[in-house]
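The primary structure of each chain is shown beneath.
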Amino acid sequence: MNQELMKAIARSYESGMPFEEACGQSAYPLRISLKRPFPVSQIAKHMDEFIRWKHEIEDDCSRRSLPIEYREHGSRAFGRQRIPDAVIIADGNAHADILGRSDEYAAVQSLLEIVHGEAPELIRWGVSNYVVLLDIAVDLEPLLRVYRWRRNNPDASPFQRELQLEAVHTKLIEQHQNVLAAWFKVGLDADWLDRRKHFRDFERRYGFAREEHRFRFRFLASDNSPVPGVSDFSIYLHEMNESILDNIHSIVIVENHLTFLCLQPRTGVLAIDGMGYAAAELVNCNWLKKRRLLYFGDCDAHGLDILSRLRSIHPEVTSVCMNSPTFERFHRFATIDNTSPIPLPGSLLPEEAQLFEYLHERSLKGNTNRLEQERIPVDYVMMEIDAHLS
């Protein structure tokens, strides 16, 4: 069949057009315009080529019982000609048959019927993502059970392993998190989703339980520890209590693990390994509010975002080395952060917001826009910490 015509027919099929009827819409009969090899005004100069093209189109369409729409043109140079202008595809089944995809079409229709019966609000997603629907065909019904359970039980927060649903197991959910996340965004309550949008992991973002992080704590002066000989320990946040911090006046949250380990001795100071975005979990720890609080993260958009999340609950938090002078001083060690841009966080101080905008401008120009904290000398970091603690 004419290659240009086949490409046009395939594009319209792959857009999901044959399946639109499942959404109560239909593009059929579908008119697909034909691309002539040259303008009508050039037919006289290329009459032989025009005749071959016309016969090719007519022969191909005749074999497939595909109606052709003609336009009549006439001129002194070539007389009146009936020129193929478009082909007409009657319905989705004919569309699939032309491409040799009838089995696929029937399979998708069957899957869409299942979706319509179990969760009609997901039909539009199914039409737009029919290839994904085919990929998950074997697991479609168990996945729909997970979706319906989540939709009908918004207040339940079990571990995924605890779900007692037919043919549903933990691996199933893990393997299809992207599909379930897309469904949840379509079908779950918008306010419910909004309350969890700050979580970056699938489990907590969509209401499942997840094992708590054990945060690592380190007394920068070992004699501040309530347990002799123990200056470095890991603990769940809910297990932390005030008595552990009797000798502590300041807390430094550090984003990078190695930097956390390399902080030099200081009396009355506790360091916390923030583990990147996990530091956001510290926002509900009331014992932070009773001590001077410092945060040392990467000099980049995400480090400033974590700082903003902490400050939204603990407005007294002070940033360490997250400013323009530090970036300029060590810019030769900076790298390019290619992650997607994020909006300006809302709880930054003016100088921090200025740094955020400056780094964004540098990224637009393809310049370095990320200074990781491990690239800043520890002596300089300790000097900055001492300045804030004095």
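Above this text is the structure in question.
Here the structure is a predicted model, which is why all the values come from computation and not from measurement.

Here is what the cut-offs are and how they apply
Residues numbered from 1 in each chain as written. Predicted model: local features only at pLDDT ≥ 70, side-chain atom pairs only at ≥ 80, totals over all residues. Heavy atoms only, no water. Helix = DSSP H or I, 4+ residues; strand = E, 2+ residues; numbered from the N terminus. Rg over C-alpha atoms; globule rule 2.2 N^0.38 Å. Buried < 20%, exposed > 50% of the residue type's maximum accessible area, 1.4 Å probe, protein only. Contact = heavy atoms within 4.5 Å. Areas by Shrake-Rupley, 256 points an atom, 1.4 Å probe, with all protein chains shown as cover. Lys, Arg positive; Asp, Glu negative; His and termini not counted. Charge placed at Lys NZ, Arg CZ, Asp CG, Glu CD. Axes fitted to C-alpha atoms, helices over the stretch in contact; angles between N-to-C directions. Parallel < 35°, antiparallel > 145°, perpendicular 65-115°, else oblique. Left-handed = near helix turned anticlockwise from the far one by under 90°. Nonpolar A, V, L, I, M, F, W, Y, C, P; charged D, E, K, R; others polar. Phe/Tyr/Trp six-rings, centres within 6.5 Å; stacked < 30°, edge-to-face > 60°. Lys NZ or Arg CZ within 6 Å of the ring centre and 35° of its normal.

Now for the overall build of the chain. Looking only at helices and strands, the chain features 16 helices and nine strands. Against the globule reference of 21 Å for 390 residues, the chain gives a C-alpha radius of gyration of 32 Å, more extended than a compact globule. C-alpha extents for the chain along the principal axes are approximately 100 × 55 × 30 Å. Counting every position in the chain, which comprises 390 residues, the buried fraction comes to 45%. In the chain, of all internal contacts separated by at least 6 residues, the share reaching a separation of at least 24 is 66%. Carbon and sulfur atoms form 48% of the exposed surface of the chain, whose accessible area is close to 20,100 Å². Separation of charge centres in the chain, based on 46 positive and 57 negative side chains, amounts to 5 Å.

With that settled, consider helix 9 (residues 177-187). Within the sequence span of helix 9, burial applies to V179, L180, A181, W183 and F184. As for helix 9, its buried residues are in contact with helix 5 (123-128), helix 6 (130-135), helix 7 (140-152), helix 8 (170-175), helix 10 (190-194) and helix 11 (202-205).

Let's shift gears to the packing of helix 7 against helix 9. One can describe the packing of helix 7 onto helix 9 by two numbers: an axis separation of 10 Å at closest approach and a directional angle of 40°. The pairing of helix 7 with helix 9 is recorded here as oblique in orientation. Here helix 7 and helix 9 pass one another in a crossing that is right-handed. Mapping the contact onto sequence places L140, L143, L144, V146, Y147, R150 and R151 in helix 7 and L180, W183, F184 and G187 in helix 9. For the contact of helix 7 with helix 9, the class distribution of residues is eight nonpolar, one polar and two charged.

Right, let's get into the packing of aromatic side chains. Summed over the entire model, instances satisfying the criterion amount to 18 aromatic pairs. Measuring from centroid to centroid gives 6.1 Å for Y147 and W183, while their planes differ by 85°, and the two rings are edge-to-face. Of this pair, Y147 sits in helix 7 while W183 sits in helix 9; the two residues are 36 residues apart in sequence, bridging distant segments of the chain. Judged by its relative accessible area of 1%, W183 is buried. On the basis of an interplanar angle of 15° and a centroid distance of 6.3 Å, the ring pair of Y147 and F184 is categorised as stacked. Within this pair, whereas Y147 is found in helix 7, its partner F184 is found in helix 9, the two being separated by 37 residues in sequence. Taken individually, Y147 and F184 each receive the classification buried, so the pair is uniform in this respect. By the ring-pair criterion, three or more aromatic residues cluster together here, those being W125, Y147, W149, W183, F184, F202, Y206 and F208. A cation sits over an aromatic face here: R150 above F208, 5.4 Å from the ring centre. Lying across the ring of W192, R196 places its NZ or CZ 3.9 Å from the centre.

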